[in-house]
Protein chains: 2
Amino acid sequence: MAKDKKKVEAITSMEEDFTKWYTDICLKAELVEYSSVKGFLILRPYGYAIWENMSRILDGMFKATGHENVAMPMLMPESLLKKEGELVNGFAPEVAWVTSGGSEPLEERLAVRPTSETLFCDHWSHVLQTHRQLPMKYNQWCSVVRWEKSTRPFLRSREFWWNEGHTIHETAEEAKAETELMLNTYADFCRDSLAIPVLKGRKTDKEKFAGAEATYTIEAMMKDGKALQSGTSHYFGDKFSRAYDVTFTGRDNTLQYPFQTSWGASTRLVGAVIMTHSDDNGLVLPPAIAPIQVVVIPVAQHKEGVLDAAYGLADRIKALGLRVKTDDSDQSNGWKYAEYEMKGVPLRVEIGPKDMEKEQCVIARRDTGEKYFVPLAELETKVQELLKAVHDDLYDAAAKRLEERTHTCETMEEAKAMVEEKGGFVETMWCGDLECEMAMKEKAGLTSRCMPFHQKKIGPCKCAVCGKPADKMVVWGVAY
Amino acid sequence: MAKDKKKVEAITSMEEDFTKWYTDICLKAELVEYSSVKGFLILRPYGYAIWENMSRILDGMFKATGHENVAMPMLMPESLLKKEGELVNGFAPEVAWVTSGGSEPLEERLAVRPTSETLFCDHWSHVLQTHRQLPMKYNQWCSVVRWEKSTRPFLRSREFWWNEGHTIHETAEEAKAETELMLNTYADFCRDSLAIPVLKGRKTDKEKFAGAEATYTIEAMMKDGKALQSGTSHYFGDKFSRAYDVTFTGRDNTLQYPFQTSWGASTRLVGAVIMTHSDDNGLVLPPAIAPIQVVVIPVAQHKEGVLDAAYGLADRIKALGLRVKTDDSDQSNGWKYAEYEMKGVPLRVEIGPKDMEKEQCVIARRDTGEKYFVPLAELETKVQELLKAVHDDLYDAAAKRLEERTHTCETMEEAKAMVEEKGGFVETMWCGDLECEMAMKEKAGLTSRCMPFHQKKIGPCKCAVCGKPADKMVVWGVAY
């Protein structure tokens with residue numbers, strides 16, 4: 001297959017430098033561009049389209065479970081942010097402050113939202129009156145700002161786009177069920193739309209969200225073996241309700257505090273897709289979120305009937321409800337093949353004069369490079385079958401990696417050696433002490449990713465660090 | 001019809017106080033709530049759902065005409081904003097400034113975007129190389145901040161949600177065609193989805209967008225006769241390209257500056273819908289953007305079979321692709337009727353034991369209050385027919401008002417007297433001098449809304465202010 005060598009060679013290989021390979025894909029697949037403000041990203045059309053597909057699918061899942069979208073202000077007064085001590089301590093070092101509006105200095109400075117719990121609580125304190133209004137299950141799609149010191153496209157930037165769900169409930173049980181429901185929603189989305197298997201579990205106290213009583217997480221393993229926290233769900237109890245004076249008249253006519261949750265997933269997921277599926281030829285996208293699912297390339301397009309044949313195939317594919325593009329530009333076939341490989345388009349359909357004679361077309365899979373000669377009559381069946389195969393094979397490869405590179409160890413030394421040699425995650429027993437968690441970080445370079453919901457007992461059930469009896473299994477890793 | 005008097009009485013009547021009537025609807029229909037930052041709004045679920053419907057329809061129209069969504073940063077350096085003199089002079093008094101990030105003061109302060117021309121230009125200056133990349137037709141959905149002195153829900157707030165389209169083209173002709181296309185897109189959207197007729201035209205130099213060579217506008221007339229600018233489209237020539245050094249290699253191999261446009265419509269449109277269609281019982285929504293298009297109310301729902309019958313009707317209506325809600329709560333019928341009137345739901349379907357006996361249901365129109373006894377077999381036909389009638393009748397009433405309250409005058413004195421007596425718009429000839437436009441404002445209290453595309457000659461074609469020969473017809477009004 002002819003290729004535009006220059007373009008392909010411009011990507012650093014994954015093996016040579018994973019970090020540079022990642023950034024190369026972000027830029028060369030035209031997902032993002034750096035802006036004139038350090039650490040702030042521009043989502044270009046192709047990158048935004050991926051996020052738009054993700055958002056649309058997630059939004060449908062949120063609505064199907066009874067959530068409503070709202071929009072809160074992007075600015076909040078410092079005094080409001082400060083009402084809940086842990087939250088402000090967690091976020092204050094990362095806040096961007098607005099100090100003047102127009103030509104006037106402000107009496108009180110305003111925080112650009114780093115997250116919106118305080119805004120939702122303040123709103124609820126004004127509108128909530130009775131248990132009849134509960135639950136309130138809200139979500140918003142927006143960008144937030146956190147003044148991170150070092151930044152990388154999608155993974156850590158000073159502005160990122162996300163959904164933040166915020167809900168209040170009559171009882172603690174309902175709120176806890178909500179955190180579980182939404183964590184599962186994120187996990188299902190990763191599996192069904194992103195072809196990414198995730199590990200579900202609870203964060204340790206050290207790693208949980210500022211102010212939360214419990215944080216649940218989904219953790220994915222990237223191709224370099226590192227962990228990417230891909231979505232979180234928090235249970236707050238009635239702590240924020242008390243801090244912000246959110247109350248309602250209960251069924252027993254007493255004044256009560258509602259129980260609260262929040263949950264979020266962000267443009268980080270684009271980073272997760274890149275580092276889970278892509279290769280040295282560029283991006284590889286799972287079909288569900290690919291802006292173009294099938295690209296049709298007319299071969300020798302100046303020959304009579306070729307363009308019409310290509311348009312005809314595209315129309316048939318579009319009629320399946322798929323996102324299809326015909327590239328009838330005057331670029332070479334080599335350029336086109338390289339371009340759509342770089343952009344991770346799952347299937348490429350080629351048709352030329354010879355194919356037309358044989359009443360066939362060629363379908364090439366982006367993920368495996370396999371080529372199929374497909375009778376024209378079987379186009380629809382084959383395209384759908386192959387798209388499903390792409391998704392399933394991407395998922396299976398990632399699941400195999402997650403399984404093979406999750407190691408079971410009994411001691412910290414063993415864990416350290418295993419991650420240094422093979423990369424990936426390690427699971428060990430843990431006594432629950434912060435000191436042991438800190439030691440794991442300082443001595444082995446590993447942070448706790450989560451205490452998986454599916455716990456198992458390892459060896460004699462002793463803490464990998466201190467050796468005391470331990471009843472918790474923790475998964476550790478090096479995290480983005 | 002029984003009603004919850006308390007709730008209905010809580011709205012100020014339009015006649016008594018139009019401004020208060022408007023605000024009452026915004027709050028009591030639960031569209032918005034004030035936030036803890038002065039001039040910043042919270043879009044509550046029902047208000048957001050209206051905007052979401054508007055956005056979804058507009059987004060489809062933008063994509064159908066080849067536009068792509070992107071996301072630009074919410075912050076921009078002061079130096080970038082200042083590169084184009086007119087723009088910064090226009091917006092500087094309204095900018096919110098970020099002066100510290102985390103605990104560090106910033107070397108250069110950052111503007112929270114009031115509009116994003118400068119960000120797009122800066123981006124294009126980095127990525128544009130050749131004419132083959134043109135046109136670039138981008139759009140973004142976001143919120144922007146302008147530090148307005150006095151604010152009102154939807155009409156003027158310090159943060160508002162909008163689309164801002166930004167495009168660059170190879171030639172001036174293409175760019176001009178784009179501004180026209182997008183103005184027509186907005187006008188068609190107002191007509192087909194909001195049932196609002198608009199006046200299309202060009203702004204005078206005094207009223208045009210800061211830095212634009214030409215600004216086109218759609219102006220709608222509210223029930224109180226005032227004008228609401230409802231969407232604008234700007235042509236910049238190559239002025240910003242030159243200021244921001246956006247260049248490309250042309251077909252003739254020379255370095256050229258592209259020609260630029262931008263266009264926007266905002267949550268102001270929600271205000272336009274309220275003040276065009278609503279009444280003293282609350283909101284009236286055109287079906288295309290109503291979050292709930294049909295509400296089904298089971299009457300005497302404790303009686304056997306009533307609830308199932310109601311759910312059955314709702315299922316049939318949903319199968320038409322409509323947004324339907326069954327209110328099976330234990331509130332009284334009177335409360336329910338008042339509630340959905342307040343919320344502007346276009347059709348209410350009632351079914352009770354007597355209706356079931358007669359194999360009928362009752363359908364009530366929100367806009368006219370008319371009730372229809374509909375045989376159950378004809379439900380689908382009648383619902384669709386009535387929704388169309390609601391839209392058409394709302395549009396016709398607004399079009400009639402626009403026509404009847406647009407007065408043709410030959411002098412400023414006449415124009416002043418006419419608007420004072422009858423309200424609405426006046427059309428006069430205008431010589432084109434700024435002084436005459438200013439006089440119209442100072443002496444008659446009228447601002448120029450636009451020079452309509454459909455020009456006509458009035459009387460002896462003399463300027464209504466100075467009496468000199470005049471070849472432009474201007475429509476004047478009192479504007480929101």
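For the structure itself, look to the data block above.
In this numbering scheme, every chain counts its residues from 1 along its sequence in written order. Here every chain gets a letter starting at A, and every ligand a number starting at 1, in the order they are written. The model is predicted, so local features are restricted to residues of pLDDT at least 70 and side-chain atom pairs to those at 80 or more, both for listing and for counting; the totals for chains, interfaces and linings are taken over all residues. Hydrogens and water are ignored here; the side-chain numbers use all heavy atoms of the structure.

Re the packing of aromatic side chains
Two rings from Phe, Tyr or Trp (for Trp, the six-membered ring) form a pair when their centres sit within 6.5 Å of each other. Planes less than 30 degrees apart are called stacked, planes more than 60 degrees apart edge-to-face, and all others tilted. The tally for this structure, following the rule as stated, stands at 32 aromatic pairs over all chains. Between the aromatic rings of F62 of chain A and W141 of chain A, the centroid separation amounts to 5.9 Å while the plane-to-plane angle is 25°, which identifies the pairing as stacked. With F62 of chain A in helix 3 (residues 45-64) and W141 of chain A in strand 7 (residues 136-145), the pair connects residues that are 79 residues apart, well separated along the chain. Type-normalised accessible area, obtained with a 1.4 Å probe on protein chains alone, sets the label of each residue: buried when under 20%, exposed when over 50%, and partly exposed for intermediate values. Residue W141 of chain A is classed as partly exposed on the basis of its relative accessible area, which comes to 22%. Ring plane angle 45° and centroid distance 4.9 Å describe the contact between F18 of chain B and W21 of chain B, whose orientation is recorded as tilted. Of this pair, F18 of chain B and W21 of chain B both sit in helix 2 (residues 18-28), three residues apart, which is roughly one turn of the helix. Accessibility expressed as a relative area gives 0% for W21 of chain B, which makes it buried. Three or more aromatic residues link up through ring pairs in this structure, and these residues are W51, F62, W141, Y186 and W263 of chain A. Each ring is checked for a lysine NZ or an arginine CZ that lies within 6 Å of its centre and within 35 degrees of its normal; such an atom marks a charge sitting over the ring. Lying over the aromatic face of W97 of chain A, R109 of chain A brings its terminal NZ or CZ to 3.8 Å of the ring centre. The ring centre of Y480 of chain A lies 4.9 Å from the NZ or CZ of K226 of chain A, which sits over that ring. Under the scheme used here, helices are H or I runs from DSSP no shorter than 4 residues and strands are E runs no shorter than 2 residues, and both carry numbers assigned from the N terminus.

Some details on the state of the cysteines
Working definition of a disulfide: a covalent bond connecting the sulfur atoms of two cysteines. We call a pair of cysteine sulfur atoms a disulfide whenever their separation is within 2.5 Å. The full count for this structure, using the stated rule, is zero disulfides over all chains. Left without a disulfide partner, C461 of chain A is nearest to the cysteine sulfur of C463 of chain A, which lies 12 Å away. For C461 of chain A, a relative accessible area of 19% gives the class buried. For the unlinked cysteine C466 of chain B, the closest cysteine sulfur is that of C436 of chain B, found at 3.7 Å. C466 of chain B gets classed as partly exposed once you look at its relative accessible area, which sits at 34%.

Brief notes about the pattern of salt bridges
Residues and elements named next belong to chain B. Throughout this description, the term salt bridge denotes a Lys or Arg side-chain nitrogen within 4 Å of a carboxyl oxygen of Asp or Glu. A complete count under the given rule lists 68 salt bridges over all chains for this structure. The partner of K388 in a salt bridge is D392, with the nearest N and O atoms 2.6 Å apart. Here K388 and its partner D392 are both found in helix 13 (residues 379-404), four residues apart, which amounts to about one turn of the helix. Overall, K388 belongs to the exposed group, its relative accessible area being 54%.

Here's the deal with the sheet that holds strand 6 (residues 104-112) of chain A
What makes two strands pair is DSSP finding at least two bridges between them. Pairing is antiparallel in the open sheet, where six strands are placed in the order 4(A)-6(A)-5(A)-5(B)-6(B)-4(B). Two strands close off the open sheet at either side, each with one partner strand: strand 4 (75-77) of chain A together with strand 4 (75-77) of chain B. Here the strands of the sheet are splayed against their neighbours by 45° on average, with no regard to which way each runs. Sheet topology places strand 4 of chain A next to strand 6 of chain A; three bridges connect them, and they run antiparallel. By the bridge assignment, P77 of chain A is partnered in strand 6 of chain A with L110 of chain A. Axis geometry follows a simple rule: fit a line to the C-alpha atoms, using only the stretch in contact for helices, then measure angles between N-to-C directions, giving values from 0 to 180 degrees.

Brief notes about the environment of T151 of chain A
Residues and elements named next belong to chain A. Its location among the elements puts T151 in the loop between strand 7 and strand 8 (159-169). Sequence-wise, T151 and G39 are 112 residues apart; in three dimensions their C-alpha atoms are separated by 5.7 Å. For this analysis, residues touch if any pair of their heavy atoms sits within 4.5 Å. Not counting the four nearest positions on each side in its chain, T151 is found in contact with G39, R156, S157 and R158.

Details of unusual backbone geometry
Note that the residue after L134 of chain A, namely P135 of chain A, is joined by a cis bond; omega there is -5°. Unlike most non-glycine residues, F154 of chain B shows phi in positive territory, near 70°. Mapped onto the elements of the fold, F154 of chain B is located in the loop between strand 7 (136-145) and strand 8 (159-169). Backbone geometry places D245 of chain B, a non-glycine residue, at a positive phi of 55°. The residue D245 of chain B is located in the loop between helix 8 (239-244) and strand 12 (248-249) in this model.

A look at the relation of the copies chain B and chain A
Superposing chain B onto chain A takes a rotation of 180° plus a shift of 0.0 Å along the axis, which leaves an RMSD of 0.0 Å. The superposition of one copy onto the other is thereby described by a two-fold rotation axis. In terms of proximity to the rotation axis, the leading residue of chain B is V98 of chain B, whose C-alpha is 2.1 Å off the axis. Each copy is superposed on the other by least squares, with the fit set by C-alpha atoms of residues at a pLDDT of at least 70 in both.

Notes on helix 10 (residues 306-318) of chain B
Residue and element names in this part refer to chain B. A helix is expected to reach a length of 1.5 Å times the quantity of its residues less one. Compared with an ideal rise of 1.5 Å per residue, which puts 13 residues at 18 Å, helix 10 spans 18 Å between its outermost C-alpha atoms and is within 8% of the ideal. All of the buried residues in helix 10 are V306, A309, A310, L313, A314 and I317. All buried residues of helix 10 lie within an arc of 135° about the axis, which places them on one face of the element. Turned more than 90 degrees from where helix 10 packs its buried face, D308, D315 and K318 sit exposed. Of the surrounding secondary structure, the elements contacted by the buried residues of helix 10 are strand 15 (294-298), strand 16 (324-326), strand 17 (347-351), helix 12 (353-357), strand 18 (360-365) and helix 13. The reported arc concerns the directions from the helix axis to the C-beta atoms and nothing else.

Digging into the interface of chain B and chain A
Residue-level contacts link 53 residues of chain B with 53 residues of chain A. Note on chain B versus chain A: buried area summed over both sides is about 4200 Å², and carbon and sulfur give 59% of it. Of all residues in chain B, P45, A71 and M74 of chain B give up the largest surface area on contact with chain A, accounting jointly for 14% of the area buried on that side. Our count for the contact surface shared by chain B and chain A stands at four salt bridges. Residue K63 of chain A is joined to E52 of chain B by a salt bridge in which the shortest nitrogen-to-oxygen separation is 3.1 Å. Among the elements that take part in the side of chain B that touches chain A, strand 5 (residues 96-101) of chain B stands out by supplying six residues, more than any other. Take the accessible area each of two parts loses on contact, using a 1.4 Å probe, and add the two losses: that sum is the buried area.

Considerations on the packing of helix 14 (residues 412-422) of chain B against helix 15 (residues 434-444) of chain B
Residues and elements named next belong to chain B. One can describe the packing of helix 14 onto helix 15 by two numbers: an axis separation of 10 Å at closest approach and a directional angle of 45°. Looking at the two axes, helix 14 sits oblique to helix 15. At the point where helix 14 passes helix 15, the crossing takes the right-handed sense. On the side of helix 14, the interface is formed by M412, A415 and K416, while helix 15 contributes A439, M440, K443 and A444. Each residue is assigned to one class: nonpolar for Ala, Val, Leu, Ile, Met, Phe, Trp, Tyr, Cys and Pro, charged for Asp, Glu, Lys and Arg, and polar for all the others, Gly among them. Per-class residue counts for the contact of helix 14 with helix 15 are five nonpolar, no polar and two charged. Note that the term roughly parallel is reserved for angles under 35 degrees, roughly antiparallel for angles over 145, roughly perpendicular for angles of 65 to 115, and oblique for everything else. Here a crossing is taken to be left-handed if its near helix is turned anticlockwise relative to the far helix by less than a right angle, and right-handed if that turn runs clockwise.

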